[in-house]
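Each chain is listed here by its residues.
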Amino acid sequence: MATSVLDRVVRWNLDLDGDLYGDERERYRWYEGIATASQLQAILIPWAAAIAVWPLGEDSVVPLALMLLAFWLPAVLGTVYVRARKVETAPRSWSPKRALLTALAALPYGVFVAGAFYVHNPDSATWIGAIMGGALGAAISVVALTVKGRERRRREALAKDDD
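What you are looking at is a predicted structure, and each value in this text was computed from that prediction instead of being measured. (Residues numbered from 1 in each chain as written. Predicted model: local features only at pLDDT ≥ 70, side-chain atom pairs only at ≥ 80, totals over all residues. Heavy atoms only, no water.)

**Overview of the side chain of Asp15**
Residue position: Asp15 is located in the loop between helix 1 (5-14) and helix 2 (24-56). Of the side chains with opposite charge, Arg27 comes closest to the buried, unpaired Asp15, at an N-O distance of 5.5 Å. A distance of 3.0 Å separates a polar side-chain atom of Asp15 from the backbone nitrogen of Asp19. The residues touching Asp15, leaving out its near neighbours within four places in the chain, are Leu20, Tyr21, Gly22, Arg27 and Tyr31. (Helix = DSSP H or I, 4+ residues; strand = E, 2+ residues; numbered from the N terminus. Buried < 20%, exposed > 50% of the residue type's maximum accessible area, 1.4 Å probe, protein only. Lys, Arg positive; Asp, Glu negative; His and termini not counted. Salt bridge = Lys/Arg side-chain N within 4 Å of Asp/Glu carboxyl O. Polar contact = N/O pair within 3.5 Å; in protein donor to acceptor, adjacent residues only side chain to side chain. Contact = heavy atoms within 4.5 Å.)

**Comments concerning the packing of helix 2 against helix 3 (residues 61-84)**
Look at helix 2 against helix 3: their axes get within 10 Å of each other, and the N-to-C directions meet at 170 degrees. Relative to helix 3, the element helix 2 lies roughly antiparallel. Facing helix 2, whose interface residues are Gln41, Ala42, Ile45, Pro46, Ala49, Ala52 and Val53, helix 3 presents Val61, Leu64, Met67, Leu68 and Phe71. Among the residues making up the contact of helix 2 with helix 3, the classes are represented as 11 nonpolar, 1 polar and no charged. (Axes fitted to C-alpha atoms, helices over the stretch in contact; angles between N-to-C directions. Parallel < 35°, antiparallel > 145°, perpendicular 65-115°, else oblique. Nonpolar A, V, L, I, M, F, W, Y, C, P; charged D, E, K, R; others polar.)

**A look at the packing of aromatic side chains**
Aromatic ring pairs: the centre-centre distance and the angle between the two ring planes describe each pair. Scanning the model with the defined rule gives 5 aromatic pairs in all. Ring geometry for Tyr21 versus Trp30: centroids 5.6 Å apart, planes at 40 degrees, classification tilted. Tyr21 gets classed as buried once you look at its relative accessible area, which sits at 18%. Between Tyr21 and Tyr31, the aromatic rings sit 6.1 Å apart at their centres with planes inclined by 75 degrees, giving edge-to-face as the arrangement. Remark: Tyr31 occurs in helix 2 and Tyr21 occurs in the loop between helix 1 and helix 2; sequence separation between them is 10 residues. Relative accessible area serves as the criterion here: at 27%, Tyr31 is assigned to the partly exposed category. (Phe/Tyr/Trp six-rings, centres within 6.5 Å; stacked < 30°, edge-to-face > 60°.)

Okay, here's the thing in structure tokens:
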């Protein structure tokens, strides 16, 4: 497999030579800390933008949207990276923890969009339509992920039977 730019960025960040994170044991602990920080940031940063847009008004929409985009793109790149390595990204099942973390991480984007529409034109009902559209999109996403999870479990069961 050819080495892509993303592969090089990942290898550089993994610090396999120990320059930043030390030996393998120390590096593993750093990765645990980074994963924890990433999960908390995935919840807190979008919520900060979603809440801030309402009192800060229309002038805050573009800078906050750019911040959210800059925050979201690395997560997309991470998903692309693991999918390219044949890692299944559809959840096998939806535990209460997964459902809660997904809702906490996804909901602020809808709140932000609704707030952006509201501060742009408070007299319009467009922001209510944005909420309804977001709820419909979320429901479709949940159904699609549930179907993908069932397909994954089915594939894994068939592969297990073949062994």
